[in-house]
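Survey of secondary and tertiary structure
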2 protein chains.
Amino acid sequence: MVKTNGQKTAGQNDTERKIMEAAEEMFLRNGYNLTTTTMIARKAGVTHAMLHYYYRTKEQIFIKVLDRNLDELLASFHPVMKKDTPFWETLESGISTHFDFLMKHPELPTFILDTMRFNPELLESYKPRIRETLLRITGFHFSIIKDEIAAGKIRDVDPEQLLLDIITLNLSAFIMLPPARKVFTEISDTRSRQILENRKKEIIALIRSRLYGKL
Amino acid sequence: MVKTNGQKTAGQNDTERKIMEAAEEMFLRNGYNLTTTTMIARKAGVTHAMLHYYYRTKEQIFIKVLDRNLDELLASFHPVMKKDTPFWETLESGISTHFDFLMKHPELPTFILDTMRFNPELLESYKPRIRETLLRITGFHFSIIKDEIAAGKIRDVDPEQLLLDIITLNLSAFIMLPPARKVFTEISDTRSRQILENRKKEIIALIRSRLYGKL
DNA sequence: ATAATGTTTAACAGATTTGTTAATACACCG
DNA sequence: CGGTGTATTAACAAATCTGTTAAACATTAT
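This write-up is about the structure you can find in this document. All values derive from a computational prediction rather than experimental measurement.

What counts, and at which threshold
Residues numbered from 1 in each chain as written. Chains lettered and ligands numbered in written order. Predicted model: local features only at pLDDT ≥ 70, side-chain atom pairs only at ≥ 80, totals over all residues. Heavy atoms only, no water. Contact = heavy atoms within 4.5 Å. Buried area = accessible area lost by both parts, 1.4 Å probe. Salt bridge = Lys/Arg side-chain N within 4 Å of Asp/Glu carboxyl O. Polar contact = N/O pair within 3.5 Å; in protein donor to acceptor, adjacent residues only side chain to side chain. Helix = DSSP H or I, 4+ residues; strand = E, 2+ residues; numbered from the N terminus. Nonpolar A, V, L, I, M, F, W, Y, C, P; charged D, E, K, R; others polar. Least-squares fit on C-alpha atoms with pLDDT ≥ 70 in both.

At the junction of the two partners, chain A supplies 44 residues and chain B supplies 45 residues. Surface buried jointly by chain A and chain B totals about 4400 Å² across both partners, of which 66% is contributed by carbon and sulfur atoms. On the chain A side of the interface with chain B, the three residues burying the most area are Arg117(A), Val183(A) and Phe184(A), jointly 15% of the side's total. Our enumeration of links across chain A and chain B arrives at six salt bridges. Notably, a salt bridge pairs Arg117(A) with Asp114(B), separated by 2.9 Å at the nearest N-O pair. Across the chain A-chain B interface, the total number found is 16 residue pairs in polar contact (both at pLDDT 80 or more). Looking at the side of chain A that touches chain B, the elements that each hand over two or more residues are helix 1 (14-30), helix 6 (108-118), helix 7 (127-150), helix 8 (159-175), helix 9 (177-183) and helix 10 (189-212) of chain A. Among the elements that make up the side of chain A that touches chain B, the one with the highest residue count is helix 10 of chain A (nine residues). Residue composition of the side of chain A that touches chain B, grouped by class: 22 nonpolar, nine polar and 13 charged.

This is the structure in structure tokens:
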């Protein structure tokens, strides 16, 4: 059961790693329920018994995948919260950093959404950490937005709505556009990146005019 | 096979109707792949053989559900395209009407998204109609937006991006917020409606400032 | 009433799913 | 070389899924 031979002092052996890679790819794309252990094994090029040998159950594999990705997601929120830099600079870089992170992990939003919809119980143990991270970031932004409103520098918006605007706009580009393109227009990879860049600019412009525009 | 007895001159008999209602509910909530015919039968309170008797296959039932809902969706786009009413009035009522339609069919966006992701082949036959409807509405709005820009009445925005803003913002409220609430905060029905109303106001304000704000 | 037609049930069939297990191949260590 | 523990395979098992079928039941029309 416990592996102690040579090659895996520095990590997993080949089979174990291939299973994890295949599992991650499939779980991210199709979620927990639509991914079968048989499919994972086939993609990894191993017998499906191997996957029970190394990870015991489907749920255990999924938990490992969830773990890797949720850590990354939560970490991505940290960087951009400095009280000293100017307000708009902070907010713009927050939006931009978030969007850039999503470009590097384009399947993550859909994956989390799927898990929230169909397997919320698997997220139970992460709730405290998620909640804490979310509270920290919303707390920070609420505070700087309110300060800026109080100083009469931006329009009197509801901070909660503004953060919802930002988050839903950013996530939408990764949750809704790919399936839509799948049905309507197949598209090249470079073109796809360009579309996303335009989207990012538009979202920033949108939030900016919400705050600074005078009607 | 063909039913010609009394009670269904004016529609389906009870069993058939119960199956369709159960199927619609489950397909809308869980999509094609995660809905089993057994579950539908159980929810309808009939033997699962009944469902093959009336609809032959799972796919046939799904097609019927898709048909009912897609018709409604496409029809919902028609009302608000009059060239004579003022620009902002037209656009605002377009956003508002779209949002109100979604409030009456809150599960439709997720349902369509799921189908685009996992069963795009089932949408194949609807493509022409969808494409035509979409072209009509985007064409109309592109035209009035460009006119308004040319007249110097609004900012010089990319009409395509603006429509993406509107659509993704509206849909997000129904695709992303419910699962998020499922994980973070359970919420009452009236409170939920109030949140959506606030969301609608915010989206309209956001688009308005994008067009009319001077930075 | 009875034949014909429509509806429902229960049982079955074949595929697929997650997971186990017993046998075997392999590597390493004394 | 032999023995110990690990890795891998193939076969199996129980559950569930979609779909079929034959027989029982109900309804209607003649």
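Laying chain A over chain B is done by rotating through 180 degrees and shifting 0.0 Å along the axis; what remains is an RMSD of 0.0 Å. Put plainly, the chains are arranged around a two-fold axis. Rotation axis and chain A: the residue whose C-alpha lies nearest the axis is Gly213(A), separated from it by 1.9 Å. A symmetric contact is evident, with 100% of the interface residues of chain A recurring at the interface of chain B.

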